[in-house]
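Chain by chain, the residues:
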Amino acid sequence: MKILGEILRKFPKVDLHCHIDGSIRVETIFDIMKGKTDLPCDNPKDLAKYVHVSSDCRSLTDFLSKFEFFYPYLKDPAVMERITYELAEDAAKENIRYFEARFAPCLQKSGQYSQEDILKGVLRGAERATSHFGVKVGVILCVYRGTALEEWEETVSLAERYFGKGVVGIDLAGDESKYSARPFKQIFGRARSRGIHITVHAGEAWNWNSVREAVDLLHAERIGHGIKISENDVFFERIKQLQKPLEICVTSNVHTGAVRSYDEHPLREFYRRGIRTTINTDDRGVSNIDLTHEWRIAQEKCGLELEDVLDMNMNSCEAAFLPPGEKTALKEEIQKETRGLMSEIEKNKK
Ligand SMILES: [Zn+2]
């Protein structure tokens, strides 16, 4: 069965791969840049084209250029508090019950604010949003490929200090084609020994071997994207046997040119062949999407049925970086509400 209408918005959802900076609202960018720079227009509506990629964007360079426009204005704890809060508000509006929000503190610190200052802003925004909207937020700190060792140290130390106090894990982000995961082995090993969860961006723009490094060297529990695993049959089987969850972000992959088109996206093939796939947004502000859009795209353009999407939503629950008790509660809540909606749909059919 395919469900593409408004009711899709009501289904309880989980998003595991969502960048706070890339999820900013255009109106907010307008507000925070106003008065600090010469804006190319005098209203948020006209600013949209500087923030959103066009729907036919197929280039990583074009995709990243959108970030360059507003990124310098995000180096402020109050701004990050606002963006995190608003992101959670947007998530709650489409019934996302739990999401993991990530950002790179090393790229957002400044002469004025430390990595920790920025994180505190994010955590304040997340806490406020949870109390106002009921949506639960787990924060993931991105260590960045191509930055200095001291930055990795600082980010991982922060994760250690705030683990269980809003932070759930660390991620490795940045250019995988230029920077191997190998130098991060030791520091990720340290985080792992403290129980901090690990996800790694790999196999998005680069090859299957990048995913292998993430799994074998960094012991990633999940892979961000991982779409290149099909380049190597033996490794593909291994990922399947390990039941390693992939954080798939379909529209983002199309916009960055990681895949050529929606039709060529491997989500359906991976799912059918037994890979543990999940559906996520990545950068909802830049791609101008939400998770409901991605659930719709999965059915409309990737050849999946609603039941498959719901199954992947349960994969997301299972792969969430939550303590076991909270995970069980989330799964039960989502299953119950989903059953309720499905029977509503069945009833309306008759
Ligand atoms: Zn990402």
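All values derive from a computational prediction rather than experimental measurement.

Another point: the overall build of the protein chain. Scanning the protein chain from N- to C-terminus turns up 16 helices and eight strands. The C-alpha radius of gyration computed for the protein chain amounts to 19 Å, which stays within 12% of the reference 20 Å derived for 350 residues, consistent with globular compactness. With the principal axes as the frame, the protein chain shows a C-alpha extent of 60 × 50 × 40 Å.

Counting buried residues in strand S1 (residues 13-19) gives seven out of seven residues, a clear majority hidden from the surface. Sheet analysis places S1 next to strand S2 (residues 96-103), joined by five bridges and oriented parallel. Residue pairing for S2: Val-14 is matched across the bridge by Tyr-98.

A few words now on unusual backbone geometry. For Gln-243, which is not glycine, the phi torsion reads 55° and is therefore positive. Here the phi dihedral of Asp-282 falls at roughly 75°; this positive angle occurs in a residue that is not glycine. The topology assignment puts Asp-282 in the loop between strand S8 (277-279) and helix H13 (284-287).

The next subject is the pairing of strand S5 (residues 197-202). The side chains of a regular strand alternate, first on one face of the sheet and then on the other. Taken across its six residues, S5 has six buried, putting it largely inside the fold. The sheet contact formed by strand S4 (residues 167-173) and S5 spans four bridges and is parallel. Its bridge partner lying in S5, Asp-171 is registered against Thr-199. At this point the chain moves from S4, through helix H8 (residues 185-193), to the parallel S5, and the crossover so formed is right-handed. For S5 and strand S6 (residues 222-225), the ladder comprises four bridges, and the chain directions are parallel.

The next thing to look at is the sheet that holds S4. Read from one edge of the open sheet, eight strands run S1-S2-S3-S4-S5-S6-S7-S8, paired in parallel fashion. At either margin of the open sheet sits one strand with a lone partner, and together these are S1 and S8. When the angles between neighbouring strand axes are averaged without regard to direction, this sheet yields 25°. In the sheet, S2 pairs with strand S3 (residues 136-144) via six bridges, with the strands oriented parallel. Across the sheet, Arg-102 pairs through a bridge with Ile-140, a residue of S3.

Conventions and cut-offs
- Within every chain, residues take consecutive numbers counted from 1 along the sequence as written.
- The predicted origin of the model limits local features to residues at a pLDDT of at least 70 and limits the giving and counting of side-chain atom pairs to 80 or more, whereas totals for whole chains, interfaces and linings rest on all residues.
- Note on conventions: DSSP H or I runs of at least 4 residues are helices, E runs of at least 2 residues are strands, and numbering of each starts at the N terminus.
- Radius of gyration here is computed from C-alpha atoms only, and the compact-globule reference equals 2.2 Å multiplied by the residue count raised to the power 0.38.
- Partly exposed residues are those falling between the two cut-offs: more than 12 but fewer than 20 other C-beta atoms within 10 Å of their own, whereas 20 or more means buried and 12 or fewer means exposed, with C-beta atoms placed from the backbone.
- Criterion used throughout: strands pair if DSSP finds at least two bridges between them.
- For the handedness criterion, the strands are oriented away from the viewer, and a crossover whose path from the first strand over the helix to the second runs clockwise is classed as right-handed.
- Between N-to-C directions, angles span 0 to 180 degrees; the directions come from axes that are lines fitted to C-alpha atoms, helices contributing only their stretch in contact.

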